[in-house]
Amino acid sequence: MRDKQVDIAIIGSGAGGGTVAKALSPLCRDGVSVAVLESGPRLKEEEYTGRELEMAERLYFDGGGVLTRDRSVTLAFGHAYGGSTVVYTGTSLPLRESTLRKWNVRGLDFDDLQRRSRKYFAENHVHLLPDECINDNNRLFAGACRTLGYRVEQFPVNVDGCRGSGLCNLGCPNGAKMGTHRVQLPQAERNGVTVVTNCAVDRIDPAARTVRATVRREAIGHPPAWEPGEYRVRARAVIVAAGAVNSPAILLRSGLAGDLKALGRYFTCHPALILVGQHDHPITNFSGHPKSYYSDHFAESEGFLLETCMYFPFVTAKSLAGFGDEPRALMSAMDRLQMILVLALDAALPGNRVTVNGRGEPVVDYRLSEPVRASLVKAMRASARIFFASGARRVHAPAGRTFFVEAGDSDRLDDLIPLEGFKAGKVSVSSAHLMGGCRMGDGPAASVTDAWGGVHGVPWLFVADASLFPGSAEINPYITIMALADRVAERVRGRLPELPQ
Amino acid sequence: MYTMFLLSVGERIAPGLHDLDAAGRRRVAAIVERAVAARPPRVRRQLSAFLHLLRWLPAARYGRPFDRLRGAQQDAVLRWFHDSPLAPFRHGFWGVKTLIFMGYYGRPEAAAEIGYRPARAGAPPFHAR
Ligand SMILES: Cc1cc2nc3c(=O)[nH]c(=O)nc-3n(C[C@H](O)[C@H](O)[C@H](O)COP(=O)(O)OP(=O)(O)OC[C@H]3O[C@@H](n4cnc5c(N)ncnc54)[C@H](O)[C@@H]3O)c2cc1C
């Protein structure tokens, strides 16, 4: 066991950890030492191959196939220098005021969040793509929504020099996506922060104020900043930003559950479906930015969002309900597929939670509630309408009575896609927006941290990632995570002088 | 250990598997085996128990294990698992189907076969073409 001493230890380098590292990095000039401990690798440019399985294995926890305990939902989250921002699509929206009101966190006000969100919009080069960069898959969605009278908006995205290779979710091979691996972490390192990759944190020892971590040698990526081995890192302040599954797991392994009843609870994840419609002729879909439009038309009334998307062969096949000749026929027409991602706006419930098993590994209990299932079925019908209004010949709705719904039957969607057709396991549900588990709030009875990410009762311990969300973001979350992490950095900066060596 | 049986089930799930040559099937098998090996022991045990069930449960109805049924009978068995009233059976089938799709559609050469040809270097603007 080797010993290290730093002033600030940050666990995780994703949207939260990367932001907090950069925001605190000016302190390095005054002699403050900051280390980011990141369990994932830091890939070399040539290791972004765009090959689906290879990149999934390199950049996602369990290759993107982490399952909830009852196996109803697949959770996708990143494992790399930059965390999930390496694989996210880069759509950038601020939290809505109505959502913040529902969160009801005293001390977290909308103007403050807006101001900080705007800062990261600028830092990450967020803008609307010009019209000539929008492919048919996106264009058809927007046009059909307008025809049907559904509200539709263009997504601001955070790309710089996007070449439209359409591989965002496998890590951009052209370095165009402005995740923390491109913007905040390199800046933090220039200012003097040490980022230790391949460094998995097991637990925090609250009595000694140390972090236990293991650095591994890996076959891919740059070598880690520290020699492989086991470490005990003593720090004045510890900031946990390992994501909504791993941050609660680290705190649970650290024995903090006793005082914090809400730890691990109120996990939300925007349960999602990938839906496909098939056209008679090829459309541009796999080239170009995959996600340029969204519709929140049904957000308030039916609890779901619709977004454009385009996935890779295996992920697409996996999302189909069925087997044999019909999926084969659909899959053999990848260049004619239009795709929509449906996100259900799930409620934060105490029973949906992260725990750790006997070996200390995180386990996620998540129940697809009745309202969520109903939302997802209604979203299948709305998506089918959009596909047909776009000119699709047939549509696959996973809860449908038959594998395909043909255009000629588009007036019978309610009957052909029944509520009872939704069966967990048969319908493939996934999630890439993991939230909650260390929720902000007023006190330890119902929350884990205060409105500034400070863990109740532990003045040197902070959380700075999506696990802070008291409820679902109801919109793509990364900008909000960055804005919250920015607040945490401010609080740490203010409190550091009081914290002992 | 169950790869041969898994691939025979796979021919009903992803019928294109049947048309692959020996090298193609070996690539599918290698992807599946690698994915299974990366799973925790508990998940591997569950998979092997489910495959055992899938092989032998049909004997109760047809008097023969799954691999000795005709194609249409195999499809009927798989459809029952896929849409079963029992959630663990549906989830078990989903796991098997996912592995097969991973092996079949995860082969790099599958992409071009199905019309999926992204260019790492990117695409020119759509309207400038
Ligand atoms: C495919 C995909 C597409 C997405 N697209 C969008 C989008 O377009 N717009 C949007 O707003 N959001 C998107 N998201 C969601 C967004 O990326 C996440 O919400 C956000 O990155 C979460 O930030 P975080 O800091 O909580 O966690 P992460 O970014 O996941 O970072 C957590 C980091 O902690 C590390 N870690 C975990 N455990 C340990 C440990 N024990 N020790 C050390 N390090 C550890 C992980 O390796 C990881 O690097 C997408 C997500 C995915 C997966």
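Definitions and limits used
Residues numbered from 1 in each chain as written. Chains lettered and ligands numbered in written order. Predicted model: local features only at pLDDT ≥ 70, side-chain atom pairs only at ≥ 80, totals over all residues. Heavy atoms only, no water. Helix = DSSP H or I, 4+ residues; strand = E, 2+ residues; numbered from the N terminus. Rg over C-alpha atoms; globule rule 2.2 N^0.38 Å. Buried < 20%, exposed > 50% of the residue type's maximum accessible area, 1.4 Å probe, protein only. Lys, Arg positive; Asp, Glu negative; His and termini not counted. Charge placed at Lys NZ, Arg CZ, Asp CG, Glu CD. Contact = heavy atoms within 4.5 Å. Buried area = accessible area lost by both parts, 1.4 Å probe. Salt bridge = Lys/Arg side-chain N within 4 Å of Asp/Glu carboxyl O. Polar contact = N/O pair within 3.5 Å; in protein donor to acceptor, adjacent residues only side chain to side chain. Phe/Tyr/Trp six-rings, centres within 6.5 Å; stacked < 30°, edge-to-face > 60°. Axes fitted to C-alpha atoms, helices over the stretch in contact; angles between N-to-C directions. Parallel < 35°, antiparallel > 145°, perpendicular 65-115°, else oblique. Left-handed = near helix turned anticlockwise from the far one by under 90°. Near = heavy atom within 4 Å. Areas by Shrake-Rupley, 256 points an atom, 1.4 Å probe, with all protein chains shown as cover. Pairing = 2+ DSSP bridges. Core = buried A, V, L, I, M, F, W, Y, C linked by side-chain atoms within 4.5 Å. pLDDT = per-residue confidence, 0-100. Expected span 1.5 Å × (residues − 1). Patch = residues over 30% accessible without salt bridge, like charges linked within 9 Å, V, L, I, M, F, W, Y side chains within 5 Å.

Colleague: Explanation requested: the overall build of chain A in the structure shown.
Modeller: Secondary structure summary: chain A contains 13 helices and 19 strands in total. Over its C-alpha trace chain A gives a radius of gyration of 22 Å, about what one expects of a compact globule, namely 23 Å for 501 residues. A principal-axis box enclosing the C-alpha atoms of chain A has dimensions of 70 × 45 × 45 Å. Buried residues in chain A amount to 66% of all 501 residues. Charge separation in chain A, taken as the distance between the mean sites of 58 positive and 54 negative side-chain charges, equals 3 Å.

Colleague: Just checking my understanding: could you explain the overall build of chain B for this structure?
Modeller: Scanning chain B from N- to C-terminus turns up 6 helices and 0 strands. Taken from the N to the C terminus, the helices and strands of chain B come in the order α-α-α-α-α-α. In terms of C-alpha radius of gyration, chain B reaches 17 Å, well past the compact-globule figure of 14 Å for 129 residues. A separation of at least 24 residues holds for 58% of the contacts in chain B among residues at least 6 apart in sequence. Distance from the positive charge centre (21 side chains) to the negative charge centre (9 side chains) of chain B: 6 Å.

Colleague: Looking at this model, I keep getting lost on the interface of chain A and chain B. Mind explaining?
Modeller: How big an interface is tends to be expressed through the accessible area that disappears when the partners come together. In this assembly, 53 residues from chain A lie in contact with 41 residues from chain B. In total, about 4,000 Å² of surface goes out of reach between chain A and chain B, with carbon and sulfur atoms giving 59% of it. Salt-bridge contacts for Lys426(A) lead to Asp83(B); the nearest nitrogen and oxygen are separated by 3.6 Å. Applying the counting criterion to the chain A and chain B interface returns 16 residue pairs in polar contact (both at pLDDT 80 or more). Among the secondary structure elements, those contributing two or more residues to the side of chain A that touches chain B are helix 2 (52–59), helix 9 (313–318) and helix 10 (325–331) of chain A.

Colleague: Could you clarify how one ought to interpret the packing of aromatic side chains in this entry?
Modeller: The way to describe two aromatic rings as a pair is by their centre distance and the angle between their planes. In total, this model carries 19 aromatic pairs over all chains according to the counting rule given. Between the aromatic rings of Tyr150(A) and Phe298(A), the centroid separation amounts to 4.8 Å while the plane-to-plane angle is 80 degrees, which identifies the pairing as edge-to-face. In this pair, Tyr150(A) sits in the loop between helix 5 (136–148) and strand 5 (153–154) while Phe298(A) sits in the loop between strand 11 (293–295) and helix 8 (299–302), placing the two residues 148 residues apart along the sequence. Each member of the pair, Tyr150(A) as well as Phe298(A), carries the same accessibility label: buried. Seen from their ring centres, Phe5(B) and Phe66(B) are 5.9 Å apart, and the 85 degrees between their planes marks the pair as edge-to-face.

Colleague: Any chance you could explain the side chain of His289(A) here in plain terms?
Modeller: Residue and element names in this part refer to chain A. Positionally, His289 belongs in the loop between strand 10 (272–278) and strand 11. Of the polar contacts made by the side chain of His289, one reaches the backbone oxygen of Thr89; its length is 3.1 Å. Setting aside residues up to four positions removed in sequence, His289 forms contacts with Thr89, Leu129, Cys133, Asn135, Asn138, Val157, Val159, Gly164 and Cys168.

Colleague: Any chance you could explain the packing of helix 1 (residues 15–24) of chain A against helix 13 (residues 478–495) of chain A here in plain terms?
Modeller: A pair of packed helices can be characterised by two numbers: the angle between their axes and the separation between those axes. All names here are of chain A. Following both chains from N to C, one finds helix 1 and helix 13 inclined at 40 degrees, their axes separated by 8 Å at the closest point. The orientation of helix 1 relative to helix 13 falls into the category oblique. Our pair here, helix 1 against helix 13, has a crossing hand that is right-handed. Residue-level contacts link Ala15, Gly16, Thr19, Val20, Ala23 and Leu24 of helix 1 to Tyr478, Ile481, Met482, Ala485, Asp486, Val488, Ala489, Val492 and Arg493 of helix 13.

Colleague: Sorry, what's going on with unusual backbone geometry here?
Modeller: Excluding glycine, most residues fall at negative phi; most peptide bonds, likewise, are trans. All names here are of chain A. Even without being a glycine, Asp62 presents a positive backbone phi close to 50 degrees. Tracing the sequence through the fold places Asp62 in the loop between helix 2 and strand 3 (66–67). Notably, Asn104 is not glycine yet its phi reads approximately 55 degrees, a positive angle.

Colleague: I tried to follow helix 1 of chain A on my own but got confused; where do I start?
Modeller: An α-helix turns once per 3.6 residues; consequently, residues spaced three or four apart project the same way. All names here are of chain A. Most of helix 1 sits inside the fold, with 9 of its 10 residues counted as buried. Here helix 1 has its buried residues at Ala15, Gly16, Gly17, Gly18, Thr19, Val20, Ala21, Ala23 and Leu24. For helix 1, the secondary structure elements touched by its buried residues are strand 1 (2–11), strand 2 (34–37), helix 4 (110–123), helix 6 (184–190), strand 9 (229–240) and helix 13.

Colleague: Looking at this structure, I do not really get the site of the ligand. What am I missing?
Modeller: Residues and elements named next belong to chain A. In the vicinity of the ligand, 40 residues are found, and the nearest of them are Gly16, Glu38, Ser84, Thr91 and Tyr478. Within the side chain of Ser84, one N or O atom sits 2.6 Å away from an oxygen atom of the ligand. In this structure, an oxygen atom belonging to the ligand sits 3.1 Å away from a main-chain N or O atom of Gly90. Compared with its free state, where it exposes 1,000 Å², the ligand has 95% of that area covered by protein.

Colleague: How do you make sense of the environment of Gly143(A) when you look at a structure like this?
Modeller: Among the secondary structure elements, Gly143(A) is positioned in helix 5. Here the alpha-carbon distance between Gly143(A) and Ala389(A), two residues 246 residues apart in the chain, equals 8.4 Å.

Colleague: When you look at the pairing of strand 7 (residues 199–205) of chain A in this model, what are you seeing that I'm missing?
Modeller: Within a regular beta strand, the side chains point alternately toward one face of the sheet and then the other, so they alternate between its two faces. Residue and element names in this part refer to chain A. Two elements, strand 7 and strand 8 (residues 210–215), share 6 bridges in a ladder whose sense is antiparallel. Bridge pairing in strand 8 places Val201 opposite Ala213. Between strand 7 and the antiparallel strand that follows it, strand 8, lie 4 residues; Arg209 among them carries a positive phi value of about 55 degrees.

Colleague: I would appreciate a short explanation of the nonpolar core in the present structure.
Modeller: As a rule of thumb, soluble globular proteins bury nonpolar side chains together. Counting 129 residues, the largest nonpolar core has Phe267(A), Leu306(A), Ile417(A) and Leu54(B) as the members making the most contacts within it. It is helix 11 (residues 370–389) of chain A that contributes the most residues to this core, 10 residues altogether. With near-sequence residues (within four places) excluded, Ile417(A) lies in contact with Val377(A), Met380(A), Arg381(A), Ala384(A), Ala397(A), Ala399(A), Gly400(A) and Val405(A). The next biggest cluster of nonpolar side chains, apart from the first, holds 85 residues, and it includes Val211(A), Cys438(A), Ala464(A) and Ala489(A).

Colleague: I'm lost on the pattern of salt bridges in this one. Help?
Modeller: Once the charged atoms of two side chains with opposite charge are near each other, the side chains can pair. Residue and element names in this part refer to chain A. Within the structure shown, the criterion is met by 44 salt bridges over all chains. For the salt bridge of Arg58 with Glu54, the shortest nitrogen-to-oxygen distance reads 3.8 Å. Separated by 4 residues within a single helix, Arg58 and Glu54 lie in helix 2, roughly one turn from each other. A residue is classified by how much of its surface remains accessible, and Arg58, at 16% relative accessible area, is buried. Overall, Glu54 belongs to the partly exposed group, its relative accessible area being 27%. Residues Asp486 and Arg116 are paired through a salt bridge, measuring 2.9 Å at the closest nitrogen-oxygen approach. Taken as a pair, Asp486 in helix 13 and Arg116 in helix 4 lie far apart in primary sequence, 370 residues in all. Shared partners join several salt bridges into a network, and the residues in it are Asp112, Arg115, Arg116, Lys119, Asp486, Arg487 and Glu490.

Colleague: I'm lost on the confidence of the model for chain B in this one. Help?
Modeller: Do not read the predicted coordinates in detail wherever pLDDT is low. Residues and elements named next belong to chain B. Residue-level pLDDT values for chain B average 92, and 97% of them are 70 or greater. In the model of chain B, helix 6 (residues 108–113) stands out as the element of lowest mean pLDDT, 91, in contrast to helix 4 (residues 71–82), which has the highest, 97. The ipTM, which scores confidence in the relative placement of chains, is 0.95 for this predicted complex, and the corresponding pTM is 0.97.

Colleague: Help me understand helix 5 (residues 87–105) of chain B, please; the structure alone is not making it clear to me.
Modeller: Here helix 5 of chain B contains 19 residues, and its C-alpha end-to-end distance of 26 Å stays within 8% of the 27 Å for a straight helix at 1.5 Å per residue. The element helix 5 of chain B is largely enclosed, with a buried count of 17 among its 19 residues.

Colleague: Explain a nonpolar patch on the surface here, please?
Modeller: On the surface, a nonpolar cluster with roughly 270 Å² of combined accessible area is contributed by Leu57(B), Trp80(B) and Leu86(B). Tracing the sequence through the fold places Leu86(B) in the loop between helix 4 and helix 5.

Colleague: Where do I start with the environment of Val276(A) in this structure?
Modeller: Within the fold, Val276(A) resides in strand 10. Separated by 64 residues in the primary sequence, Val276(A) and Ile340(A) have C-alpha atoms spaced 6.5 Å apart.

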